[in-house]
Structure formats: structure tokens, C-alpha cells
Amino acid sequence: MNTQITNIWENALKLIKDEVSELSFTTFMLPLKPVSGGSDFLNLEAPADFIKASLEQRFYPLIKNAVNQVSKRNYNVNFVLPIETVFSNIEENETFTYEKTHLNSKYTFDTFVVGKNNRMAHAAAVAIADNLYENAYNPFFIYGGSGLGKTHLMHAIGNYVVQKNKSANVLYVTSEEFTIEYIAALRKNEFSQFRDKFRNVDLLLIDDIQFLGEKNSTIEEFFYTFNALHQSNKQIIIASDRSPNELTFFDERLRSRFQCGLVSDVQKPDYETRMAILRKKSEDEGLLISDEIFDYISRNVGTNIRELEGALNQIIIYAKMSGSDLNFDTAKEALKHITENNNQENELSVKVIIDVVSRYFDVKPEDIKSDKRSRDISIPRQISMFLCRNLMDLSFPEIGREFGGKHHTTVMTAFTNIDNKKKSDATIKSAIEDIMEILHI
Ligand code: ADP
Ligand code: MG
């Protein structure tokens, strides 16, 4: 890379640093790389589409001015895609506990590892946290499977906002807490207190919205709360285990309101991200653990981050209780009860494939063999069939029999579908790669 351009960018960054918050600086500016340029243009590579869009919308004049000031020329600055750059996390050491907000100070941006699986959700979270009163994305709706970091991200936003502005009125509740408080208010006839509490906030974080579905009157009240906040430009952030469209017990009005801001999902972490999360957790605990152990956990425990953390803790506890060193054998021993079920030492079989795939996607092995048609089951099923064909060379009718007596044409369709998707769908491609890794193939 041309050193002149690198120098210009390095000096421009120094100017930019004084103009934006530390959070925006680390999230949006530091990952940029000057990849090419000439006498009148400079191309900066952004790590993701969404970052590029944010830069273009919010930071273009600032960056262009800084570059021109440093170079004393009129450069055209362009943002280009794509690269794989890992975000640096923001440095924030102080921890706060806020009774009033129900925020858990453990969950911050600083302890959140950014990977391909959550990059967009993280970037949106940062943008909102950093500019709460601009209402860039309101509401912000985060969805994804269990243990993938939704709650962590919500608390991180809340903690950041409160840390930046102590008088900001932030409230985190689960939808169950919302329901309980609503019912109590109804019973005690303390409706105005209830409304004061939920409507006089600058930021309302409501978690696991899928559990609000039981009682119609609670949903109705939530709808009013939502509207009141939205109309007065107060930020609302919602987390859910499924997308707004899949929240079928909410009526269309509410579902469409959920989608009028930004909807973003968090996905399962790939191998690299799992390794990075384990490394970060142990670093934060001040523990020195070898990569061999992280690799073992990453390959054997699946993709739920809560379970990855659990496995790491088990190893640490096991080592302490048994007085052994934290070496690879101790780790293997400590996780025996998990890996024994995995059959991963055994020969490849249809059962092993189904077990590994179901663990990877967090679904039940029985469901893979069932006739259920929902996408969260049918994709793992089709991937299992695909792998049985590819890795074990079974015939389509044989695979059909192994999967609860399916017709061979169903298996063929599954095979062709996954074979095509593997080329066009990055999520499916990386899922297959990860599963092959777990299967040691
Ligand atoms: P969810 O709400 O999606 O079920 P959580 O936010 O509760 O998941 O995350 C489960 C656990 O995994 C938490 O302890 C959280 O700190 C951790 N975790 C999740 N995502 C990340 C991440 N990207 N980096 C670090 N830790 C994470
Ligand atoms: Mg959660």
C-alpha cells in the first residue's frame, strides 16, 4: 500500500478522533483501511455494508474535511467493500450498577465480541447508544436464537447511555416483568404510576417480547406504551427469539410498528468467533488458557454462547476442585459428559450427523426425522440429508428410510437445494463448514 495515502489517513484519523465520541471512533473509524488512492481520490475499505452506509450518511463530510486538511488537497473520499476486519471493542473500564434501570453492568460493549454473526446488530446498537436522541432507528428490533447475545447487546446500549449521561432515563424490562407490573397496577388500581414508569423514559429496552403473547390486555397496553414513546421520540429497543413477522399472536398493527425502525438479527457464531469469545472471556477473568482448549470447546460444545461460557466455567471449576492444572486432558475430562453424547470419536453414521447438526442448530434430533416443515427444522434436516449423501455416499432411498421414511424424491430435492444454497447463501455455506469441522472432516 502506498505510504503517502497511509500517512494521510493516519493523520486524518487524529483530527477525526477529536470530533467524534470514542465509541463512534472505535466502531466506525478505526476499522477503515486506506486501500487505494491517487492524487485526487482515496478509497477507504469498510468492514460491512451497514458500516459503509452509516459512514456515508453520518460521517462523510467530517472524513472528507479531515483528509483534505491533512493532505492540503481536494480528495474524493470513497468507501468501499468488502473486507473481513474485526472491530476493536470500545475501552470502558468503569462499571455501574443502576437499581433504577435494571441494567446489568456486566454486559457492556467492551465485553461483547463482534463477529460476522452479530456485526450489523452491534453496529446499529452502537449508533443508537451514541446518538440516543437522534432516533436514527426507532424502534430497533433485535431477534435471534437463544444464547446469541441479544440481552447482552441491549444492556450494553443501556449501560453506555447511562454512563454517558447520568440523568438519562433508561429502563430495561423483560416482557414478563412488564406483564406482572401491568397486572399489579390493574389490581391495585395504580394505573397512573404504571404509565409514569413506562412512558417517562428516554430509552425503553424490552426483552423477550415473545412472552408477552399470553394476555390480550397486556398486549394492548404495550401497544399504547409503544405509541406514546414513539410519538414523543423516545427510543424503544425490543428483543425477540423470532422476527416480527413470526410473532403471529401480535396483530398486524403491532407487527408493522416493530418493523418501522430497524430490524436486525443475531446469528450463530462461526468457529473463529467462538474462539474469540472464549479467549475474551478468559482474558477478562485473568486466566491463561491454551488455544488447544478453546479449540476443543469450540468444536465440541456447539454454537450457543451461553453453553460455550458454561463449558469454559466447568473446566475452570473442575481444575480448581481436582487441584489439577488447566491442561488439555483436564479440559477433556471436565467436558466428558458433553462430548460423550456427541459420538465424535466414533465412526461417522447417520446418527452422528443428525446429532451434530441438531446440536449446531439447537433443534431436537427427533424433529430432524419428523415431518415438521418450519424453516428452522427443514434447513437442518436438509443439511443432514445432504451430508449423509456427501460424506457417507448413501443412496437417496436409504437416506429417506433413515429420516423417518421419507420418499427418495424428498431427499433429492433436499440435496439439490442445499447443494445450490451452499454456493449462494453464506450462512448455509459456513454452517456446513462448521459442521464438517465438528465432525473432524
Ligand atoms: P440471548 O439474550 O440472545 O439469549 P444473552 O445475551 O443472554 O443471549 O447471551 C448469553 C451469554 O453469552 C451471556 O453471558 C453473554 O454475555 C454471552 N454472549 C453472547 N454474545 C456474546 C458476544 N458476542 N460476546 C461475548 N459474550 C457474549
Ligand atoms: Mg435474552
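How each quantity is defined
- Residues numbered from 1 in each chain as written.
- Chains lettered and ligands numbered in written order.
- Predicted model: local features only at pLDDT ≥ 70, side-chain atom pairs only at ≥ 80, totals over all residues.
- Heavy atoms only, no water.
- Helix = DSSP H or I, 4+ residues; strand = E, 2+ residues; numbered from the N terminus.
- Rg over C-alpha atoms; globule rule 2.2 N^0.38 Å.
- Buried < 20%, exposed > 50% of the residue type's maximum accessible area, 1.4 Å probe, protein only.
- Contact = heavy atoms within 4.5 Å.
- Areas by Shrake-Rupley, 256 points an atom, 1.4 Å probe, with all protein chains shown as cover.
- Lys, Arg positive; Asp, Glu negative; His and termini not counted.
- Charge placed at Lys NZ, Arg CZ, Asp CG, Glu CD.
- Near = heavy atom within 4 Å.
- Polar contact = N/O pair within 3.5 Å; in protein donor to acceptor, adjacent residues only side chain to side chain.
- Core = buried A, V, L, I, M, F, W, Y, C linked by side-chain atoms within 4.5 Å.
- Axes fitted to C-alpha atoms, helices over the stretch in contact; angles between N-to-C directions.
- Parallel < 35°, antiparallel > 145°, perpendicular 65-115°, else oblique.
- Left-handed = near helix turned anticlockwise from the far one by under 90°.
- Nonpolar A, V, L, I, M, F, W, Y, C, P; charged D, E, K, R; others polar.
- Phe/Tyr/Trp six-rings, centres within 6.5 Å; stacked < 30°, edge-to-face > 60°.
- Lys NZ or Arg CZ within 6 Å of the ring centre and 35° of its normal.

**Student:** I'd like a rundown of the overall build of the protein chain, residues and numbers included.
**Tutor:** Along its length, the protein chain carries 20 helices and 8 strands. Computed over the C-alpha atoms, the radius of gyration of the protein chain is 25 Å, within 12% of the 22 Å expected from 2.2 N^0.38 for a compact globule of 441 residues. With the C-alpha coordinates aligned to their principal axes, the bounding extent of the protein chain is approximately 70 × 65 × 55 Å. Looking at the 441 residues of the protein chain, the share that counts as buried comes to 51%. Sequence-distant contacts, at least 24 apart, represent 71% of the contacts inside the protein chain between residues at least 6 apart. Carbon and sulfur atoms make up 48% of the accessible area of the protein chain, which amounts to about 21000 Å² in all. With 51 positive and 62 negative side-chain charges, the protein chain shows a spacing of 4 Å between the two charge centroids.

**Student:** So what's going on with the site of ligand 1? Which residues, and what values?
**Tutor:** The immediate surroundings of ligand 1 are formed by 17 residues, with V113, G147, K150, T151 and H152 found nearest. A distance of 2.7 Å separates an oxygen atom of ligand 1 from a polar atom in the backbone of G147. K281 places a side-chain nitrogen or oxygen 2.9 Å from a nitrogen atom of ligand 1. In isolation ligand 1 offers 550 Å² of accessible surface; the protein chains occlude 95% of this area. Going through the elements one at a time, α5 (150-164) and α12 (305-322) are the ones with two or more residues in the shell around ligand 1.

**Student:** Any chance you could break down the nonpolar core for me, citing the residues and the numbers?
**Tutor:** One finds L55, I63 and F109 to be the most contacted residues of the largest nonpolar core, which totals 59 residues. Looking at which element gives the most residues to this core, the answer is helix α4 (residues 119-130), with 8 residues. Ignoring anything within four residues of it in the chain, the contact list for I63 reads W9, I16, M29, L32, L44, L55, V77 and F79. Counting 31 residues, the second largest nonpolar core, distinct from the first, contains V357, I368, F415 and L439.

**Student:** Before we move on, can you summarise the packing of helix α7 (residues 191-199) against helix α8 (residues 216-231) with the specific residues and values?
**Tutor:** Contact pair α7 / α8: the axes reach a minimum separation of 10 Å and the direction vectors enclose 50°. If you check the angle between α7 and α8, you find them oblique. In this structure, α7 crosses over α8, and the sense of that crossing is right-handed. On α8, the residues that touch F191, F194, R195, F198 and R199 of α7 are E221, Y224, T225, A228 and L229. Class assignment for the residues of the contact of α7 with α8 results in 6 nonpolar, 1 polar and 3 charged.

**Student:** Explain the packing of aromatic side chains to me, using residue names and the numbers behind them.
**Tutor:** Per the counting criterion, the structure on display carries 22 aromatic pairs. Seen from their ring centres, Y60 and F79 are 6.3 Å apart, and the 80° between their planes marks the pair as edge-to-face. Of this pair, Y60 sits in helix α3 (residues 49-71) while F79 sits in strand β3 (residues 76-80), and the two are 19 residues apart along the sequence. Ring centres of F178 and F198 lie 4.9 Å apart, and the angle between their planes is 70°; on these two criteria the pair is classed as edge-to-face. Of this pair, F178 sits in helix α6 (residues 175-188) while F198 sits in helix α7, and the two are 20 residues apart along the sequence. Judged by its relative accessible area of 0%, F178 falls in the buried class. Overall, the relative accessible area of 0% leaves F198 in the buried class. It is R253 that lies over the ring of F223; its NZ or CZ is 3.9 Å from the centre. The positively charged end of R389 is found above the aromatic ring belonging to F396, 4.3 Å away from the centroid.

Interpretation in functional terms is not warranted from these geometric data alone.
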